[in-house]
Amino acid sequence: MRFEDRKLALPDRILMKVEKPARYTGGEPNSVCKEADPVRIRFCMCFPDVYEIGMSHLGLQILYGMMNAWEDVWCERVFSPWQDLDRILREEKIPLFALESQDPLSGFDFIGITLQYEMCYVNILQILDLAGIPLHAAERGENDPIVIGGGPCTYNPEPLADFFDLFYIGEGETRYRELFDLYEEGLPRAEFLHRAAAIEGMYVPSLYKTEYHEDGRLLSMTPVYDDVPVSVKKTLVKELDDCFYPTAPVVPLIQATQDRAVLEVMRGCIRGCRFCQAGQIYKPTRWRSVEKLLEYARELMQNTGYDELSLSSLSTSDYPYLNELLQELIRICSEKKINISLPSLRIDAFSLDVMNKVQDVKKNSLTFAPEAGSQRMRDVINKGITREEILNGAEMAFRGGWNRVKLYFMLGLPGERPEDVAAIAELCNDIAALYYETVPKEQRQGRVNITASSSFFVPKPFTAFQWAPMDRMESFLKKAAYCKESVMKQLNQKSISYHYHDSGTTLIEGVLARGDRRLSTVIETVYRNGGLFDAWTESFSLERWLDAFESCGLDPDFYVFREREKDEFFPWDLIDCGVSKEYLYREWLNAKAGKVTKNCADKCAACGCTSYMCGICISPKGGAA
Amino acid sequence: MSVTARFRFGRKGPVRFLGHLDMLRYFQRAVMKSGIPAKYSEGFHPHQLMSFAYPLAVAMETEGDYMDLDLAEEKPADGILEDLNSVMHEGVWVSRVSILGEGAANAMALVAAADYRIFTGYTKEALIQACDGLLASDSILIEKSKKNGKKKKETIQKDIRPGILRLEAEEDGALFMKLVSGSGMNVRPADILSLIVEKCGEDSRDPLIRRLEIYGEEGGELLPLSDCGGGKKSGD
């Protein structure tokens, strides 16, 4: 099929009425159209947010490229229609369609939905509803698509259990082929799902029954058949160099939020910060070789025409061959006038030197993420950075000509005391003072500019804080006000600006993060009452959620504000992400004692991930390069 | 030394829903992929020196739009045409490249008129009648909203009759027009279309507007922009 000959699902009169019509027309460079013939599986990849956000996501490009390289599969895309089109689709009863073929979603074999953050759960129901697919997995028939979820939120998918046929736990590169081969056997739906449950990483929620204690806590989740595994083990790529990489990603024609080529240098993180879910669920740390990365970089430039290349990972400074990689990348990129962007770098002598080389822009702001103001609190969360390191980094940056510093903090961390909150202000002040000590008056370009912002901490599954109570909204706000007040008292307060994310979504995010499958009815109620785009502050309504909890007879406080007992059975305990509950509990006790745990590179903390026999667990430098 | 290449390009199909800035980004990336030796601006954010004759409206197709690009070195027009077309995504194509002579004016400054074809659902008879009616009037006043300095919108009346150089009904509901364009008077095909709708009633199909050619004026004559400014063309 030729792109220019594709018939669009929406007539011009509708496309001309909606904001950014190119969100819905597809046909971007490197997107894939296939002939119906050898294709046996139609897969529609869905990111339940707007196009510009969804198209910024690397995972989607990986699966899209990988699946479309298979002759028998055609993978297409769909995103949440923005509110303007949502209204029109409902009024005119136009079924939701995929971008490439513009065919209705209801005719696909699979709808694959990525779960990146809790606040997009309601949008999933919008997609299914607009597509005319029954919301409840139990109500779907032989001709309905299989709805499969993936992504970080599948590490506790329970609040969405009613709506999904299947959750894919782990990295998408490994098990889709197996799943598709099984699908091509043409089994009846129920039998397909039953057999799929035997594939590593596949979690079929309908095959588990749940029992609850009288007080509402979960008692057990047990398979309904003997041959269904009692625990679902995360699947992952053992050797990153051997797996597919999307060097010809779809290049959006309208500006995406992250509009650049992405080079994923590694997966996982060695740091073990106790608040961080990504740090646990993507273990063990695995690296790509410099050789492969350079090959990908060249192909990406050739295939996309992007003028910016971004290195991606949870902590790029921990990539052991960064120096080697950057030397070569800088050479290739400057030749082609391509800018390199380096998020997630720790500020030290090396990174400042690198930034000097890659940023031909004015000395932009530098970002530190101390996460907590006091050393005591940073030890509680195991953020392996000391006050001295922060100040040293800042001093070097000031000497190097930077005069804008951004600092990220969290409020509401377990065990936080007023002095920890005040320490945020003090740290900012110390950094500002350091500027005036370091940079002689005649070399200063105005005042140093310290921007500190704090967000509210939400405890997540598979972290040491999964047992912890979340702070209450009133307390959050009090702390934020106290922090602001403390900033005002500092000597250098004029150089510091402090913001906090006044996020009404925190409570709901907290409930959904550690929720159980009874919450499916709440999500559905919110959707039925008009909830949509909750991740967008302007469309979020806390009241709508609280009303839904009430009408469903569930108490949101139960999910967030109690400290959980050591042995409580959690909704996500059925999932085995590699790290053991014993390890996490040890970390919870260490947090309470303010005891630091060494990172994976320094000393194995016996988290349990060695069972995967790969990456840093078997070789200190990941076996790459 | 500065060499400027002028590209005549077309777009059709779904890609017509892109805005002007999206097209700019699209071509910048295409140039990057093609290996054409684009010249970059100086400064902190070097960018290609690229400009368009006449920004395309969302949903408009074209067969004859123009983009100017400064080159770091002179290259044969044929080669550039081939290089760029080899990385074009379907629905966008380059039909001609001319290397401009020294000191040639940029495409945008040259724009004097443009041809359009609008595909409507009307009968030929209805269109003939409507066109005759319009051409017979001495003046055609339309309301245009204009932003004044304080960002307030104000509506002004404008006579567009002198800007209609040709207006003809064709077969199958097609409507051809040659309209004055540029910084002085600028008549848009949508203006004419709404006048036609006024006369013929609501259209049964979504009209499609296609730009066919953009002209500059040289020696009192309208010339396609690829023929303005001297220089060498692909195919010469």
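Residues numbered from 1 in each chain as written. Chains lettered and ligands numbered in written order. Predicted model: local features only at pLDDT ≥ 70, side-chain atom pairs only at ≥ 80, totals over all residues.

Student: Where do I start with the overall build of chain B in this structure?
Tutor: For chain B, the helix and strand inventory stands at five helices and 12 strands. A compact globule built from 236 residues should have a C-alpha radius of gyration of about 18 Å, and chain B, at 19 Å, falls within 12% of that. On the principal axes, the C-alpha backbone points of chain B span a range of 55 × 40 × 35 Å. In chain B, which comprises 236 residues, the share counted as buried stands at 38%. (Helix = DSSP H or I, 4+ residues; strand = E, 2+ residues; numbered from the N terminus. Rg over C-alpha atoms; globule rule 2.2 N^0.38 Å. Buried ≥ 20, exposed ≤ 12 C-beta atoms within 10 Å, placed from the backbone.)

Student: Explain the interface of chain B and chain A to me, please; I cannot follow it from the model alone.
Tutor: When the parts of a complex come together, some accessible area is lost, and that lost area is often used as the size of the interface. Taken together, the contact pairs 22 residues of chain B with 29 residues of chain A. Of the residues contributing to the side of chain B that touches chain A, the split by class is 12 nonpolar, four polar and six charged. (Contact = placed C-beta atoms within 7 Å. Nonpolar A, V, L, I, M, F, W, Y, C, P; charged D, E, K, R; others polar.)

Student: Explain the sheet that holds strand S15 (residues 366-371) of chain A to me, please; I cannot follow it from the model alone.
Tutor: Pairing between sheet strands relies on hydrogen bonds along the backbone, with the strands arranged either parallel or antiparallel. All names here are of chain A. Reading across from one edge, S15-S16-S17-S18 is the order of the four strands in this open sheet, with parallel pairing throughout. On the outer flanks of this sheet lie S15 and strand S18 (496-500), each paired with one strand and no other. On average, each strand axis in the sheet is tilted by 20 degrees relative to the strand beside it, whichever way the strands run. With five bridges connecting them, strand S17 (residues 449-456) and S18 associate as parallel partners. Across the sheet, the residue bridging to Ser454 is Tyr500, located in S18. Packing of helix H14 (residues 418-438) onto the sheet brings it into contact with S15, strand S16 (404-411), S17 and S18, and relative to S17 it is tilted by some 160 degrees. This element, helix H15 (residues 473-488), spans S16, S17 and S18 of the sheet and lies at about 175 degrees to S18. (Pairing = 2+ DSSP bridges. Axes fitted to C-alpha atoms, helices over the stretch in contact; angles between N-to-C directions.)

Student: Would you mind going over the domain arrangement of chain A with me for this structure?
Tutor: All names here are of chain A. In terms of domain boundaries, chain A breaks down into domain 1 (3-233) and domain 2 (260-361 + 600-625). Once you take the C-alpha centre of each, domain 1 and domain 2 turn out to be 30 Å apart. With four residues of domain 1 at the interface, the matching set in domain 2 holds seven residues. Residue composition of the side of domain 1 that touches domain 2, by class: three nonpolar, one polar and no charged. (Domains from an automatic or database assignment.)

Student: Got a minute to help me understand the nonpolar core in this structure?
Tutor: Side chains that are nonpolar tend, in soluble globular proteins, to be buried together. All names here are of chain A. Among the nonpolar cores identified, the biggest contains 221 residues, and Cys44, Leu105, Val147, Leu166 and Cys428 are the most heavily contacted of them. With 11 residues, the single largest contributor to this core is H14. Excluding anything up to four places from it in sequence, Cys428 contacts Leu407, Ile450, Ala452, Val487, Gln490 and Ile496. Within the second largest apolar cluster, 26 residues are counted, among which are Leu240, Met266, Val290 and Leu300. (Core = buried A, V, L, I, M, F, W, Y, C linked by C-beta atoms within 7 Å.)

Student: Can you help me understand the sheet that holds strand S4 (residues 146-150) of chain A in this one?
Tutor: All names here are of chain A. In space, the six strands of this open sheet follow the order S2-S1-S3-S4-S5-S6, with mixed pairing throughout. Taken across any chain shown, the strands that pair with only one partner, and hence form the sheet edges, are strand S2 (73-79) and strand S6 (202-203). Direction of pairing for S4 relative to strand S5 (residues 166-168): parallel, over a ladder of two bridges. Counted as the bridge partner of Ile148 is Leu166 from S5.

Student: Is there a simple way to think about helix H6 (residues 176-183) of chain A in this case?
Tutor: For the α-helix, the turn length of 3.6 residues means that residues three or four positions removed from each other point alike. Residues and elements named next belong to chain A. Along H6, the residues classified as buried are Tyr176, Leu179 and Tyr183. Buried residues of H6 fall within an arc of 65 degrees about the axis and therefore sit on the same side. On the buried face of H6, the contacting elements are strand S1 (41-47), helix H3 (58-68), helix H7 (189-196) and S6. (Arc of directions from axis to C-beta.)

Student: Explanation requested: the packing of helix H4 (residues 124-136) of chain B against helix H5 (residues 189-200) of chain B in the structure shown.
Tutor: Each pair of packed helices can be summarised by the angle the axes make with each other and by the distance between the axes. Residue and element names in this part refer to chain B. Where H4 meets H5, the closest approach of the two axes is 10 Å, and the angle between their N-to-C directions is 115 degrees. The hand of the H4/H5 crossing is right-handed. Seen from H4, the contacting residues are Ala126, Ala130, Gly133 and Leu134; seen from H5, they are Leu195, Ile196, Lys199 and Cys200. Here the residues of the contact of H4 with H5 sort into six nonpolar, one polar and one charged. (Left-handed = near helix turned anticlockwise from the far one by under 90°.)

Student: Just checking my understanding: could you explain the pairing of strand S5 (residues 111-119) of chain B for this structure?
Tutor: Consecutive side chains of a regular strand alternate in pointing toward one face of the sheet and then the other. Residues and elements named next belong to chain B. With respect to burial, S5 is a largely interior element, seven of its nine residues being buried. Note that S5 and strand S10 (residues 208-218) share eight bridges and pair antiparallel. Across the sheet, Arg117 pairs through a bridge with Arg210, a residue of S10. The pairing of S5 with strand S9 (residues 174-180) spans seven bridges and is antiparallel. Bridging across to S9, Arg117 finds its partner in Phe176.

Student: Even after reading the chapter, I still don't get unusual backbone geometry, so can you show me in this structure?
Tutor: For residues that are not glycine, phi is negative in most cases, and the peptide bond is trans in most cases. Residues and elements named next belong to chain A. In this chain, Lys283 is followed by Pro284 through a cis amide linkage whose omega measures -10 degrees. By the secondary structure assignment, Pro284 is in the loop between helix H8 (278-281) and strand S12 (286-287). In this structure, Met613 is a non-glycine residue whose phi angle is positive, near 50 degrees. Along the chain, Met613 turns up in the segment after helix H20 (581-593).

Student: Help me understand the environment of Ala69(A) in this model?
Tutor: All names here are of chain A. For Ala69, the position within the fold is in the loop between H3 and S2. Exposure remark for Ala69: the 12 C-beta atoms within 10 Å place this residue in the exposed category. Considered as a pair, Ala69 and Phe244 are 175 residues apart in the sequence and their alpha carbons are 9.7 Å apart.

Student: Teacher, can you tell me more about the pairing of strand S11 (residues 221-224) of chain B here?
Tutor: All names here are of chain B. Here S10 pairs with S11 via four bridges, running antiparallel. Within S11, the residue paired with Gly216 across the bridge is Leu223. What sits between the antiparallel neighbours S10 and S11 is a turn of two residues, in which Gly219 has the positive phi angle 55 degrees.

Student: Looking at this structure, how should I read helix H2 (residues 77-86) of chain B?
Tutor: Residue and element names in this part refer to chain B. Of all the residues in H2, the buried ones are Ala77, Ile80, Leu81 and Leu84. Down the axis of H2, the buried set is contained in an arc of 100 degrees. They therefore lie on one face. Along H2, the residues that are exposed and aim more than 90 degrees away from the buried face are Gly79 and Ser86.

Student: I keep staring at the domain arrangement of chain B and nothing clicks. Help me out?
Tutor: Splitting chain B by domain gives domain 1 (3-107) and domain 2 (121-206). Summarising the inter-unit geometry, the C-alpha centres of domain 1 of chain B and domain 2 of chain B are found 29 Å apart.

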